[in-house]
Amino acid sequence: GAMVSDSLMSVEGAQVSYPPELFSKLQQQCPGYTLWFPYHADASKHMPALRPFFAARKEACLRVVREMPADLYFFVFNCVDWTNHRFPLEPDGVEQALSKGHPLVEAYHLADEFVAELLDLLDENDNLLIVSDHGSVPSHNLFLANEWLAEEGFLKYARTVTTRARIAAIWLWK
């Protein structure tokens, strides 16, 4: 398998990849590939900086898929998240944002293009999961996946003292 860390890694040049030489190989093969995105508070600077950063990251990920067959790939693309934090889109302003070329709309287009190219490399037996660490607007509904899975018979809980003690320890630690 292979792994390349995300920009949340604290020190570029540290062990950020497996195999260790993969990061420098991707930097050589994908001009502009780096872990760090240069943040800009100004939309006129943010997107021009984000486009080449995203293009290099996308090329690196697609190279890994093409050249390093594996059972699982996990790629992190923070461009939508970063852009949303810098330039949030209000729920009642979506139509206006679409017509004015809001930076978040462009970030979603970049992510969508990556997904399309990735899908072209996958076959009918591959699975693709797209996940997010949070949404962009307030949510008034809650879906507890573990409860639904248990209700549907797809998840069984181990009811041991050790399991309960571990769960209690997690809650107490938080």
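Note on numbering: residues in each chain are counted from 1, in written sequence order. Residues qualify for local features only when their pLDDT is at least 70, as the model is predicted, and side-chain atom pairs are given and counted only at 80 or more; totals for whole chains, interfaces and linings, by contrast, use all residues. Just so you know, side-chain values use all the structure's heavy atoms and leave hydrogens and water out.

### Some thoughts on the side chain of threonine 83
- Examined against the element boundaries, threonine 83 turns out to sit in helix α3 (residues 79–86).
- Leaving out residues up to four positions away in the same chain, threonine 83 has contacts with His46, Met47, Leu50, Pro88, Pro103, Leu104 and Ala107. The secondary structure listing takes helices from DSSP runs of H or I that are at least 4 residues long and strands from runs of E that are at least 2 residues long, numbered from the N terminus. Contact definition: two residues touch when any of their heavy atoms are within 4.5 Å.

### Description of the nonpolar core
- Put simply, a nonpolar core is a bunch of buried Ala, Val, Leu, Ile, Met, Phe, Trp, Tyr and Cys residues held in one set by side-chain atoms that sit within 4.5 Å of each other. Accessibility here uses a 1.4 Å probe with only protein chains present; expressed as a share of the type maximum, an area under 20% marks a residue as buried, one over 50% as exposed, and anything in between as partly exposed. Ranked by internal contacts, the top residues of the largest apolar core, which has 21 residues, are Phe37, Leu50, Phe54, Cys79 and Phe114.
- Going through the elements one at a time, α2 (43–67), α3 and α5 (103–121) are the ones with two or more residues in this core.
- The element that contributes the greatest number of residues to this core is α2, accounting for eight residues.

### Looking at the environment of valine 4
- By the element assignment, valine 4 lies in strand β1 (residues 3–4).
- Sequence spacing of valine 4 and cysteine 61 is 57 residues, and the spatial spacing of their C-alpha atoms is 9.2 Å.
- Here valine 4 is in contact with Val16, Ser17, Leu22, Phe23, Leu26, Tyr33 and Leu35, once residues within four sequence places are set aside.

### Thoughts on the pattern of salt bridges
- Counted as salt bridges are all cases of a side-chain nitrogen of Lys or Arg within 4 Å of a carboxyl oxygen of Asp or Glu. Summed over all chains, the structure comprises five salt bridges.
- Across the pair glutamate 106 and arginine 51 runs a salt bridge whose closest N-O atoms are separated by 2.4 Å. Here arginine 51 lies in helix α2 and glutamate 106 lies in helix α5, a separation of 55 residues in the sequence.
- Arginine 51 gets classed as partly exposed once you look at its relative accessible area, which sits at 36%.
- A salt bridge links glutamate 59 to arginine 66; the nearest nitrogen and oxygen atoms lie 2.9 Å apart.
- Arginine 66 sits in the partly exposed class, given a relative accessible area of 45%.

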